[in-house]
Structure formats: structure tokens, C-alpha cells
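# Overview (structure and organization)
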Amino acid sequence: MKKFIGILAVSFLFVSCDIWSQIEQTAALQNCKFSLKNVQDVSIAGVKLKNFKNLTASDVVKLTAAIANKKIPLDLNVNVGIQNPSQQVAAINGLDWICAIDGKDFVSGAVNKKYTIPANSNISMPLAVNTDIYTLFSSGNLDALKNFISSFSGSDATSSRVAIKVKPSVYIGEQKVQFPNFITLEKVI
């Protein structure tokens, strides 16, 4: 019986230490600063936006087929920077996100992976954004989409405001705890 109580006490001590560590990492996360580092590898229907100035016949066929099929896939990578200015390691266990172009929300997703941010360090959290933008054509958001394409292709001086709204989550014990509000990160491209 004494052996059982001893094992139980040691187990409780390890669990308590783990929960305390999670609480410390959560406190450090509250001091972290989030930023939208960059947007890269943007393509529409498999055509890289950098190539929109010099479309090939193959590119035109891909785009025409996508429009005809009413499915226009947009793929891009968004890198979210997380800066930890504290002396304590911070951790994030997940992140809900919403991506917007020129103030129009058009896709959302989640990252369910643990990231550890060392003390006084920066990390980059990649978000792969994949969505069908055909609805943007039909919902009156064509100008936002046109500006977005132009800002990457370099075809004119147009720019777009890309925003990622993020809501981090952490685990305290077995309980998932989300930040109460989304944090909006914007960048003009």
C-alpha cells in the first residue's frame, strides 16, 4: 500500500509540474507579438501570379478551364511571425485563422500543431491557404481579387491589403483554452 501511495504521489508531482510548465508557457505567450511576415508562392488555377505578365498559352488554357468549370483554386503560403520578448519559453498548441483580402474574409482554417517559441526569440509559423475563389467572382468582390492579382504580378501599381486574423490556443492539463479574440495581422502587398 505504501508503494502505491508513493507511486501516486510521484505521478501527481509530475502532472503538477507539467501543468505548471503549461501555465508559465501560456503566460509567456500573452507577451508574444504576432506579425504577418510575408505572403508567397501565390497561384491561381496552378498559374503562379508572378507569371501573370507573361502568360503562356498553357496558362491561358488552365485559367479558362478553371473559370468554365466554376472552380478557381487559389493557393498561397502565409508566414506568421511570433516574437517572444520574455525570458520564459512560450508555447502555442493551435491556431484558428481567417484570411481576408482588402477587408473581405474569404477562407478560414486551423493549425493543430504545437510550436515552442524560445525566450527572446522569433519563429515563423507557416499557414497553407487553399481555397476556391470562384465565389469571389459571383459575390461582387471582383475588384478585390483583381487588385490582389495585380499586386503580385507587378502589372501595375495596384496594391492589396492582406489580413490574417489569428486566435491562438493552448492546453492547460487536458483542457484546450483559446485566446478570447482574434488578433488581426495586416500587410499591404
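This write-up is about the structure you can find in this document. In this text, all values refer to a predicted model and were calculated from it rather than measured experimentally.

In this structure the tally under the stated criterion is two cavities of 30 Å³ or more. In this structure, the second largest cavity occupies an estimated 30 Å³ of space. As for the second largest cavity, its lining consists of Gln-22, Gln-25, Thr-26, Ala-91, Asn-93, Lys-114, Val-170 and Tyr-171. If you list the elements that add at least two residues to the lining of the second largest cavity, you get helix H1 (2-30) and strand E9 (161-172). The dominant element in the lining of the second largest cavity, judged by the number of residues it contributes, is H1, at three residues. Of the residues in the lining of the second largest cavity, the class split is three nonpolar, four polar and one charged.

Moving on to the sheet that holds strand E2 (residues 47-48). An order of E2-E1-E3-E8 is seen for the four strands of this open sheet, with the pairing classed as antiparallel. The sheet terminates laterally at E2 and strand E8 (121-132), the two strands that pair on one side only. Across two bridges, strand E1 (residues 33-44) lies against E2 in antiparallel orientation. In the strand pairing of E2, Ser-43 is matched with Lys-48.

Per the stated rule, a full pass over the model turns up two salt bridges. We note a salt bridge from Lys-165 to Asp-105, for which the minimum N-O separation is 2.9 Å. Of this pair, Lys-165 sits in strand E9 while Asp-105 sits in strand E6 (residues 104-111), and the two are 60 residues apart along the sequence. Note on Lys-165: relative accessible area 22%, which makes it partly exposed. Judged by its relative accessible area of 44%, Asp-105 falls in the partly exposed class. A salt bridge links Glu-186 to Arg-161; its shortest N-O distance comes to 2.8 Å. Residue Glu-186 is located in strand E11 (residues 183-188), and its partner Arg-161 is located in strand E9; the two are separated by 25 residues in the primary sequence. The partly exposed category is assigned to Glu-186, whose relative accessible area is 46%.

Cut-offs used in this document
Residues numbered from 1 in each chain as written. Predicted model: local features only at pLDDT ≥ 70, side-chain atom pairs only at ≥ 80, totals over all residues. Heavy atoms only, no water. 1 Å grid on protein atoms, 1.4 Å probe; cavity = no way out; pocket = protein on both sides within 12 Å on 5 of 7 lines; lining within 4 Å. Points joined across faces, edges and corners; volume = space filled by probe spheres on them. Helix = DSSP H or I, 4+ residues; strand = E, 2+ residues; numbered from the N terminus. Nonpolar A, V, L, I, M, F, W, Y, C, P; charged D, E, K, R; others polar. Pairing = 2+ DSSP bridges. Salt bridge = Lys/Arg side-chain N within 4 Å of Asp/Glu carboxyl O. Buried < 20%, exposed > 50% of the residue type's maximum accessible area, 1.4 Å probe, protein only.

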